[in-house]
Amino acid sequence: MKGTNEQRAGLLSGIGAYGLWGIVPLFWPLLKPSGAIEILAHRMVWSLAVVGIALLALRRWAWIGELIRQPKKLGLITVAAAVITVNWGLYIWAVNNGQVVEASLGYFINPLVTIAMGVLLLGERLRPAQWVAVGTGVAAVLVLAIGYGRPPWISLTLAFSFATYGLVKKKVNMGGLESLTAETAVLFVPALGYLLWLGAQGDATFVSGGAGHAALLAATGVVTATPLVLFGAAAIRVPLSTLGLLQYLAPVFQFILGILYFHEAMPPERWAGFALVWLALTLLTWDAFRTARRTRAQAARLAATPTTPERTSPATGADSSYAAREH
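Only a predicted model underlies this, so the values are computations on that prediction, with no experimental measurement involved.

Scanning the protein chain from terminus to terminus reveals 15 helices and zero strands. Along the longest, intermediate and shortest principal axes, the C-alpha atoms of the protein chain span 95 × 50 × 40 Å. Within the protein chain, the fraction of its 327 residues that count as buried is 38%. Counted over contacts in the protein chain with a minimum sequence separation of 6, partners at least 24 positions apart contribute 84%. As presented, the protein chain carries roughly 17,700 Å² of accessible surface, and 68% of it is formed by carbon and sulfur atoms. Measuring between centres, the 24 positive side-chain charges of the protein chain sit 5 Å from its 14 negative side-chain charges.

Moving on to the confidence of the model for the protein chain. Considering every residue of the protein chain, the mean pLDDT works out to 83; 91% of them sit at 70 or more. Ranking the elements of the protein chain by mean pLDDT puts helix H15 (residues 320–326) last, at 37, and helix H10 (residues 211–218) first, at 94. This model gives residues 310–327 a pLDDT under 50, and the stretch forms nine contacts once residues within four places in sequence are excluded.

The next thing to look at is the packing of helix H5 (residues 100–122) against helix H6 (residues 128–148). Their axes nearest at 10 Å, the elements H5 and H6 cross at an angle of 140 degrees. The orientation of H5 with respect to H6, classified from their angle, is oblique. Crossing hand, H5 versus H6: left-handed. Residues Glu-102, Leu-105, Leu-112, Ile-115 and Val-119 of H5 pack against Gln-130, Trp-131, Ala-133, Val-134, Gly-137, Leu-144 and Tyr-148 of H6. Residue composition of the contact of H5 with H6, grouped by class: nine nonpolar, two polar and one charged.

With that out of the way, let us pick up unusual backbone geometry. Pro-33 follows Lys-32 through a cis peptide bond whose omega is 15 degrees. Summarising the element assignment, Pro-33 is placed in the loop between helix H1 (2–23) and helix H2 (36–58). One non-glycine residue, His-263, lies in the positive phi region at around 55 degrees. Summarising the element assignment, His-263 is placed in the loop between helix H13 (249–261) and helix H14 (268–304).

What follows deals with the side chain of Glu-264. Mapping Glu-264 onto the fold places it in the loop between H13 and H14. For the buried residue Glu-264, which engages in no salt bridge, the nearest side chain bearing the opposite charge is Arg-270, 5.8 Å off. Reaching out from Glu-264, the side chain makes a polar contact with the backbone nitrogen of Val-100 at a distance of 2.7 Å. If sequence neighbours within four positions are ignored, Glu-264 has contacts with Gly-98, Gln-99, Val-100, Val-101, Gly-258 and Ile-259.

Let us now look at helix H7 (residues 153–172). For H7, which comprises 20 residues, the first-to-last C-alpha distance of 28 Å matches the rise-based estimate of 28 Å (1.5 Å per residue) to within 8%. Along H7, the positions that sit buried rather than exposed are Ile-154, Ser-155, Leu-158, Ala-159, Ser-161, Ala-163, Tyr-165, Val-168 and Val-172. Those residues of H7 that are buried lie in contact with helix H4 (71–96), H5 and helix H8 (176–200). In the segment just after H7, Asn-173 is the residue with positive phi, at about 55 degrees.

Approximately 180 Å³ is the volume attributed to the second largest pocket. In this structure, the second largest pocket is lined by Ile-109, Leu-112, Val-113, Ala-116, Val-134, Gly-137, Val-138, Val-141, Leu-156 and Phe-160. For the lining of the second largest pocket, the secondary structure elements donating two or more residues are H5, H6 and H7. Residues belonging to the lining of the second largest pocket are distributed by class as follows: nine nonpolar, one polar and no charged.

All right, on to the side chain of Ser-34 then. Inspection of the secondary structure assignment puts Ser-34 in the loop between H1 and H2. A polar contact of 2.4 Å, which involves the side chain of Ser-34, links it to the side chain of Thr-205. Residues contacting Ser-34, with those up to four places away along its chain left out, are Ile-39, Thr-205, His-213 and Leu-217.

Parameters at a glance
Residues numbered from 1 in each chain as written. Predicted model: local features only at pLDDT ≥ 70, side-chain atom pairs only at ≥ 80, totals over all residues. Heavy atoms only, no water. Helix = DSSP H or I, 4+ residues; strand = E, 2+ residues; numbered from the N terminus. Buried < 20%, exposed > 50% of the residue type's maximum accessible area, 1.4 Å probe, protein only. Contact = heavy atoms within 4.5 Å. Areas by Shrake-Rupley, 256 points an atom, 1.4 Å probe, with all protein chains shown as cover. Lys, Arg positive; Asp, Glu negative; His and termini not counted. Charge placed at Lys NZ, Arg CZ, Asp CG, Glu CD. pLDDT = per-residue confidence, 0-100. Axes fitted to C-alpha atoms, helices over the stretch in contact; angles between N-to-C directions. Parallel < 35°, antiparallel > 145°, perpendicular 65-115°, else oblique. Left-handed = near helix turned anticlockwise from the far one by under 90°. Nonpolar A, V, L, I, M, F, W, Y, C, P; charged D, E, K, R; others polar. Salt bridge = Lys/Arg side-chain N within 4 Å of Asp/Glu carboxyl O. Polar contact = N/O pair within 3.5 Å; in protein donor to acceptor, adjacent residues only side chain to side chain. Expected span 1.5 Å × (residues − 1). 1 Å grid on protein atoms, 1.4 Å probe; cavity = no way out; pocket = protein on both sides within 12 Å on 5 of 7 lines; lining within 4 Å. Points joined across faces, edges and corners; volume = space filled by probe spheres on them.

Here it is as structure tokens:
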């Protein structure tokens, strides 16, 4: 029963995390007239405050000393912080400039980009279905480039930056709360410096926008940290395959919001491009389930195979392997 409750809690946490990431386009327009860079800087500053309070409550500080003594890991954290800055900043700009649908495409094609990076950078080998999925994804990008009249650079930048972020995070191998704290700590000084400079220039909206606007800017920390905490709770309770399926909730919600709430245009060529992306993701999902099923079946067969009894000495009946170990 405990295991079932744990899995249910994990599933709900995963749905909550990806659901919040899916509806976050509703939040960023509330922060206007702040520009994307000002919003991004506030997000960095307030995120550190939120995760700092969380770590203080949980009393999880030992990892900081260990991290400081590992320059290579600190370097990777800095790279992760720089890459996620590009991802966050571009996403906020895209949403507040009427590009929600193209932003959602970035997270649809992110799994395909991750696979391609695995082949190019890590020398991984793909199964035939994965090759077909990646090829279909490339065709989708070409179709969308024709439809947009330009490459879908917002989608591609979001996809490649987040795939790079995932690759670096894998090498860092830290918990979600700890890694977010480290990344925002790296970003805190330049972000705060920018906000102070903006205030000195008289262009900051934190004070001039009123108490309500200031509260919304401060809430960027909660908006950033909450889904990450939920994701961390889900990651330790549900299988990776389940998380892999849940990750599509976010871009699906963003896509729906882009069309129905923000009323962005979807001409036929864009529908065709998105259809190809969804076909590629369907192939990936089918292949993942098939591979997982085969792996489980093989493990079950191995478990069911009787082990060969160890040979015994005809004279004494003693276990020959035991005798060999004794000598």
